[in-house]
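# Descriptive analysis of the structure
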Amino acid sequence: MAAASWYHRDISRVVAEELLAKAGRDGCFLVRDSESVSGAYALCLLFQRHVHTYRILPDDEGLLSVQTIQGIQAKCFRNLPDLIGAYQQPNNGLVTPLLYPVHRARQAADEDSDGEDGRGGRHVASTVPAGGAGAGAWLGAPVAGRTHISQQLHQRLQEQVHSSPASDFMGFMAEYLNHHLQLDLEALRHGHPQLRHLSTALVTACRALHRRIDFTLAGLETLARVFDPPVSPRSPAREQVSPGHRSPRPPAGASDPDLELLLNKISTVNHLLSSLEKKVLKSLQETVSRHNLALPSVAAAPPPAAKPLAVQSFEVKVGKSQRAALMVDVESGTVAISKRGSGSPEETIPQDKILQLIKYQSMQSKVRLVYDREPQRNLSKDFIFPSARKREAFCQLLQLMKIQHSNLDEPDLISVYVGTWNMGSTPPPRSLASWLTSRGLGRTQDETTACIPHDIYVIGTQENSLGDREWVEFLRASLKTLMAIDYRVVALQCLWSIKIVVLVKPEHERRISHVHTSSVKTGIANTLGNKGAVGVSFLFNGTSFGFVNCHLASGSEKTHRRNQNYSDILRSLVLGDKRLGAFDLTLRFTHLFWFGDLNYRLDMDVQDILVHITKKEFEALLAVDQLNLEREKNKVFLRFSEGDISFPPTYRYERGSRDSYMWQKFKPTGVRINVPSWCDRILWKSHPETHVVCNSYGCTDDIVTSDHSPVFATFEVGVTSQFVPKKAPGSGPEPLACIEWESIEVIVKTASRSKCYIEFHSYCLEEAQRSGENTSQSCDVPGFLKLGWSAKHLPVLNPILPDLEYLGDQHLLLSIKGVESCESYGECCIAMRSMISSMAQQFETFLFHRGEETGSMRGWMKVRVPKDRRSTRERLYEWISFEEEDAEPVADAPTCPKPPLQRLRSRPHSLPEPASGYTNPAYFIFEGVP
């Protein structure tokens, strides 16, 4: 099985087209994995500046053939090389013969780390997928084929490494397979079976193990001696370990230890560990019997009672100078207003009379409270708090009060805690209180709200040396101590030392369903799990959540490698609804949170960085933050959000202190510089017109066991319940809601000229729907294709329920697919809330595919709701709004103002203005924009 340079494995359609465009000659071709059919391939062929894509499909017997139009006999081949060879001849049904293979660039050796947490390795060259060869074939292989033999063995190593934490060891083995296996093969062919190079590799790989075993062995022997029976002064000294289990230590100055000595040491450790528990038990039993001691019975401690929230007081200013106090009693559901120095409240407002909270944007510490007081209808008062943090704490307490005293069976709003910490392969401290209560540096929780328990805790760690169960129970015990709640485990997913744990309040356990977990390795050659990602997804009632914890490649110079790690994770992580598997991972969930040790560094001299940190000039550092720079280039995390960073870089601290950064690392090859950086980050992406607010984003300043500080973020997130129609079904036919399209226009970044169709997915539809082929098509701009659909070729969609309250929470996922390849050219998400109208509404959004922006879509649509199904209700999170201008309060407001829906203008509201909004200016050539 020869290496095939034209086979590019799982590169995306966009990358394939870019490679062919660079090659530039008619007849250039490459083969990649199909994105639409598992086990199939896509043959991409350049002709007259257009890329033509043909699907190569396997039949039931594994024979391969190029998909043809109906009625034409397909030619079948046993493997890809035979198929490609046949189509290099003319008159075989392609637009042109396959003339010039586009080779996959051979990647240079790429260490997976900067020496902090792994050893380097090389990427194996790509090979055509097929069956393996036998050992006899390897030994008889010619010299030119022995490189391929090492690749096959390397592939076997990849298949065997699933969950081993031995990244260093596997790095040595990968090095052996890549560089020294051929020498052992050559010696074997000449009758020398010693495999000298393998022995050398094993001895080198196990050198650290000798030191660790010596250390462990000494400790175990000391502990064993403690529990030995007393020795009479006249008795001869006893052997601490039986002769058969104790090996002599190697003499000082000995050369590299041999494998036999190592095996003896391991046998000794095994004997001591297996016998130690019995020895301790026997010793304790003898002590009890000898001294006639009775072991006290230990009664199980009752679980701590749930802590009621104490009444919280806030000093505020009312009007220009008047001082007052606000007393918030969450348990009784009241807010009391009293003048400064007054013992009794001037006014007490029940929670059901509070109509709205308005936060001022122009003054971050100011809030307006609108409430109902008979007989004067509505009143409003403005309060100025000592700080923005105090205002947020007040708003959170009122939000919590509304939730606790609402009559809803299911919540509208939940709080989500996300934490990430690279533990540096050391055990955690006894207390994680500051991390789990969001206290420390940055935007932190106020002390009045820090111990309010969150509904969901998601904890991501990297370089976590604790056992899986041990870590989960440690987290649960920590939360139980802090919150007096016995949190339930939703999911635990681990990849070597990368772990993610999801915990929920007991009352939410029944609301969690469709839990999925997945992991992706991005270590050496994407086979080792010292780097990679773990993910969890689930439904909370009717809202889908995704969480991804990752550890990306380290080293200041590895920006491109980190970007590739992100792309690999995005493509390979299997989470969420399987029916949405063809969609970009970032579109499959209502809310997706992505966090971890992303390892992006600061591009600045270390001394300048230290000066800025001392002066707390974080803006200057964020301007050279690699993650920010790559996001600005649309390389990674497209359309994700991140909270404002107002805390110092979380890496690389001196362990045991947070006073100084240990930015120099001394290695045998020299001094390596690890500049202080914000390696540890938390980002999120949500569907349009959903509610998610980041209430805190910071790091601890008192957890010092690692060279990274733990990072936390908290969110209030709007959720939907499984909708139950209020109107009972009648005897006649039920009225239907309709989703109607007037037109859709798409601009796709592609060199293809394929006809396309649109697939429509939504939880509100019984099944996916598809449009007809596009009715208009133009390619006036090189590298871009403009497609159009008229109303006649777009389906009318009927949601399963016609109620306005239900439809307002729904979203449509659209995918643009090629008629020939059935592969996606881009996907997008449209919120139905803004489209509910009797008149057509305009929408515009971007297209994404595999983490890349691939185009844009716009059009006109409307969602028609039957008249008797238009009732709705205000969500609990909708009573808090924002005021742009600092207007004077109105004493008798006739109604409680409701924040208007955010309508899309000529481009998505969250995006920059046209000059920098799109990745490629070619989008504007279609619009006549200069």
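Residues numbered from 1 in each chain as written. Predicted model: local features only at pLDDT ≥ 70, side-chain atom pairs only at ≥ 80, totals over all residues. Heavy atoms only, no water.

### A word on the overall build of the protein chain
Regarding its fold elements, the protein chain presents 19 helices and 37 strands. Of the contacts formed within the protein chain by residues at least 6 apart in sequence, a portion of 67% connects residues at least 24 apart. For the protein chain, the exposed area adds up to about 44300 Å²; of that, 53% sits on carbon and sulfur atoms. (Helix = DSSP H or I, 4+ residues; strand = E, 2+ residues; numbered from the N terminus. Contact = heavy atoms within 4.5 Å. Areas by Shrake-Rupley, 256 points an atom, 1.4 Å probe, with all protein chains shown as cover.)

### Some thoughts on the environment of A553
With respect to the secondary-structure elements, A553 resides in the loop between β20 (543-551) and α13 (559-572). Each C-alpha atom, one on A553 and one on N530, is 9.4 Å from the other, the two residues being 23 residues apart in sequence.

### Quick notes on the side chain of Q810
Structurally, Q810 can be placed in the loop between α17 (804-807) and β33 (811-818). Reaching out from Q810, the side chain makes a polar contact with the backbone oxygen of Y806 at a distance of 3.3 Å. Dropping the residues within four chain positions of it, Q810 is found in contact with Y763, C764, A831 and M832. (Polar contact = N/O pair within 3.5 Å; in protein donor to acceptor, adjacent residues only side chain to side chain.)

### Let's talk about the sheet that holds strand β37 (residues 880-883)
On the basis of which strands lie adjacent, the open sheet formed by eight strands has the order β9-β8-β7-β6-β12-β11-β10-β37 and mixed pairing. Looking at the sheet topology across the chains shown, the edges are occupied by β9 (347-350) and β37. Recorded for the sheet is a direction-independent mean angle of 35° between the axes of neighbouring strands. Where strand β10 (residues 354-360) and β37 come together, four bridges link them in parallel fashion. When the sheet's bridge partners are listed, I358 is paired in β37 with S881. Sitting on the sheet, helix α10 (residues 388-405) is in contact with β6 (312-318), β7 (322-329), β8 (334-339), β10, β11 (366-372) and β37, with an inclination near 155° to β10. (Pairing = 2+ DSSP bridges. Axes fitted to C-alpha atoms, helices over the stretch in contact; angles between N-to-C directions.)

### Overview of the packing of aromatic side chains
Tallied over the full model, the rule gives 25 aromatic pairs. Note on F385 and F394: the rings are 5.1 Å apart at their centroids and 40° apart in plane angle, and the pair reads as tilted. Taking the relative accessible area as the measure of exposure, F385 reaches 4% and is therefore buried. In this structure F394 comes out as buried when scored by relative accessible area, which is 0%. An aromatic cluster of at least three residues, connected via ring pairs, comprises F538, F545, F547, F593, W684 and F715. The lysine or arginine in question, R770, covers the ring of Y757, its NZ or CZ lying 3.6 Å from the ring centre. (Phe/Tyr/Trp six-rings, centres within 6.5 Å; stacked < 30°, edge-to-face > 60°. Buried < 20%, exposed > 50% of the residue type's maximum accessible area, 1.4 Å probe, protein only. Lys NZ or Arg CZ within 6 Å of the ring centre and 35° of its normal.)

### Examining the sheet that holds strand β27 (residues 711-718)
The seven strands lie next to each other as β14-β26-β27-β13-β15-β17-β16, forming an open sheet whose pairing is mixed. Pairing within the sheet leaves two strands with one partner each, and these edge strands are β14 (441-443) and β16 (488-495). Across the sheet, the mean angle separating the axes of adjacent strands is 10° when strand polarity is ignored. Against the sheet, helix α12 (residues 468-483) makes contact with β15 (456-462), β16 and β17 (498-504), and its axis sits at roughly 40° relative to β17, the strand it touches most.

### Overview of a nonpolar patch on the surface
Residues F666, V671 and I673 make up a contiguous nonpolar surface patch of roughly 300 Å² in combined accessible area. Along the chain, V671 falls in strand β24 (residues 670-673). (Patch = residues over 30% accessible without salt bridge, like charges linked within 9 Å, V, L, I, M, F, W, Y side chains within 5 Å. Salt bridge = Lys/Arg side-chain N within 4 Å of Asp/Glu carboxyl O.)

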